[in-house]
Amino acid sequence: MIVLLVGVVLYSAMTGSLRVGALQLIQGLWTGDDAQVNVVRDLRLPRIIIAVMAGAALAVAGVLFQAVMKNPLADSGVIGISSGAALVSLIAVTIFPALYFWMPVFSFLGGALACLMVYGFSWRSGLHPVRLILIGVAVNAIFSGLGQSFNYRGSYAVTSINQVTTSTLSMKKWIDVDVMLWYGGIGLVLALLVATWCNYLSLQEKTARNLGLNVTLARVLISIVAVILASTATAIAGVIVFIGLLIPHIGRQLVGSDHKWLIPFSALAGGVLLLLADTLGRTVLAPQEIPASIIMAVIGGPFLIFLIRRSDRIYGR
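Residues numbered from 1 in each chain as written. Predicted model: local features only at pLDDT ≥ 70, side-chain atom pairs only at ≥ 80, totals over all residues. Heavy atoms only, no water.

**A word on unusual backbone geometry**
And step 1. Not every positive phi belongs to a glycine, and Lys70 is a case in point at roughly 50°.
And step 2. Looking at the element boundaries, Lys70 is found in the loop between α3 (35–69) and α4 (81–95).
And step 3. Phi is positive for Phe242, which is not a glycine, with a value near 80°.
And step 4. The residue Phe242 is located in the loop between α11 (215–237) and α12 (243–255) in this model.
And step 5. With relative accessibility at 11%, the residue Phe242 sits in the buried group. (Helix = DSSP H or I, 4+ residues; strand = E, 2+ residues; numbered from the N terminus. Buried < 20%, exposed > 50% of the residue type's maximum accessible area, 1.4 Å probe, protein only.)

**Section: the environment of Leu193**
And step 1. Among the secondary structure elements, Leu193 is positioned in helix α8 (residues 174–193).
And step 2. Taking relative accessible area as the criterion, Leu193 reaches 63% and is therefore assigned exposed.
And step 3. For the pair Leu193 and Ile222, spaced 29 residues apart in the sequence, the C-alpha separation amounts to 9.8 Å.

**With respect to α3**
And step 1. Between the first and last C-alpha of α3 there are 50 Å, a value that for 35 residues agrees with the 51 Å anticipated at 1.5 Å per step.
And step 2. Largest kink in α3: about 40°, centred on Arg44, with the proline Pro46 one to four residues after it.
And step 3. In terms of burial, α3 is largely enclosed, as 28 of its 35 residues are buried.
And step 4. Note on α3: the residue one or two positions beyond its end, Lys70, has a positive phi of about 50°. (Expected span 1.5 Å × (residues − 1). Bend = angle between axes of the 7 residues up to and from the residue.)

**So, the nonpolar core**
And step 1. The biggest cluster of nonpolar side chains holds 91 residues, and the ones touching the most others in it are Val60, Leu64, Phe65, Ile81, Leu229, Ile243 and Leu274.
And step 2. Here the element with the most residues in this core is α3; it accounts for 21 residues.
And step 3. With residues near it in sequence (within four places) discarded, Leu64 still touches Ala191, Val194, Cys198, Ile222, Val225, Ala226, Leu229 and Ile263. (Core = buried A, V, L, I, M, F, W, Y, C linked by side-chain atoms within 4.5 Å. Contact = heavy atoms within 4.5 Å.)

**Observations concerning the pattern of salt bridges**
And step 1. Taken as a whole and assessed by the stated rule, the structure comprises three salt bridges.
And step 2. Here Asp42 ties to Arg41 by a salt bridge, and the two come within 3.3 Å at their closest N and O atoms.
And step 3. Accessibility expressed as a relative area gives 31% for Arg41, which makes it partly exposed.
And step 4. Put simply, Arg47 and Glu289 hold a salt bridge, and the shortest N to O gap is 3.0 Å. Of this pair, Arg47 sits in helix α3 while Glu289 is found in the loop between α13 (259–283) and α14 (292–310), placing the two residues 242 residues apart along the sequence. (Salt bridge = Lys/Arg side-chain N within 4 Å of Asp/Glu carboxyl O.)

**Thoughts on the confidence of the model for the chain**
Low-pLDDT portions of the prediction should not be read for the details of their coordinates.
And step 1. Of all residues in the chain, 89% attain a pLDDT of 70 or more, and the chain-wide mean is 83.
And step 2. This stretch, residues 154–165, has a pLDDT under 50; its non-local contacts, to residues over four places away or in other chains, come to 19 contacts.
And step 3. In the model, residues 313–317 has pLDDT below 50 throughout and makes nine contacts with residues more than four positions away in sequence or in other chains. (pLDDT = per-residue confidence, 0-100.)

**Comments concerning the packing of helix α2 (residues 22–31) against α3**
And step 1. Where α2 meets α3, the closest approach of the two axes is 9 Å, and the angle between their N-to-C directions is 85°. When the interaxial angle is binned, α2 and α3 end up roughly perpendicular. Between α2, through Gln24, Leu25, Gly28 and Leu29, and α3, the contact on the second element is made entirely by Gln36, Val37, Val40, Arg41 and Leu45.
And step 2. Within the contact of α2 with α3, the residues separate by chemical class into five nonpolar, three polar and one charged. (Axes fitted to C-alpha atoms, helices over the stretch in contact; angles between N-to-C directions. Parallel < 35°, antiparallel > 145°, perpendicular 65-115°, else oblique. Nonpolar A, V, L, I, M, F, W, Y, C, P; charged D, E, K, R; others polar.)

**Quick look at α13**
And step 1. Over its 25 residues, α13 extends 35 Å from the first C-alpha to the last, a length consistent with the 36 Å expected when each residue adds 1.5 Å.
And step 2. When you tally the buried positions in α13, you get 18 out of 25 residues, the bulk of the element.
And step 3. Between the side-chain oxygen at the start of α13 and the backbone nitrogen of Lys260 there is a gap of 3.1 Å, and the oxygen is on Asp258. (Polar contact = N/O pair within 3.5 Å; in protein donor to acceptor, adjacent residues only side chain to side chain.)

Printed below as a string of structure tokens:
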């Protein structure tokens, strides 16, 4: 996956409306004297880095949500975490545009609110997997509707700010990279630290308690890490669904269910998938672009149907 990621990054950097060769790219980045490579560095490299980091964050968030909910259908885009994060960050940045660097914090508050709603409305003598997904879809519809209503006020300021939170990776800047690397990097490190707890949660709850795990505290902390990852990706890259469904499922087929391997694999594979989707979107109909979120929806929709048809039993049992 590391080799594949490096290859996709190089291909994405060289491909587009402005094409450069591999040797030209490396020399230009080293010397800074090539005008074409400078354009690639200022416009294309931030987009590539954000695509990789956002894909990694969304994939790992999917792994964590599925571990907590014991449901292979759990994904931040499906259960409303991303739409809640997008709504609150959009409102906050519209009111306080100077606090752009803190937008992931506002996104986290929105994602946490959505997560609390999903858990609160789903709890009835335990968390039933089907009830979780149905409540999550309803919460997602609520926040998506509110977000669309906010955008249709017709204000120029809202229209301008909305370009920041739309599901496209175009026109990203190095300040966006800084935000994504700081918050996303912290979230990925925390995800690796809770990998052992995720393994315990795949057991029966009584067994996990007998092994000394505080199950309730573990679920809360893992959910917080997942919300951090999903909210950060949503704040910078927009609402992109299905990465948290596709990658964990593929990872379990290739590396197994041990989260010490599944989490790093999902981070690498999620970055590859989103970067491939973004590269395809900006090259297949060049100079026009197809947002990566649309390509992911086209890919993820049939996969979700396939996964639902196969999931006849509760995840983790």
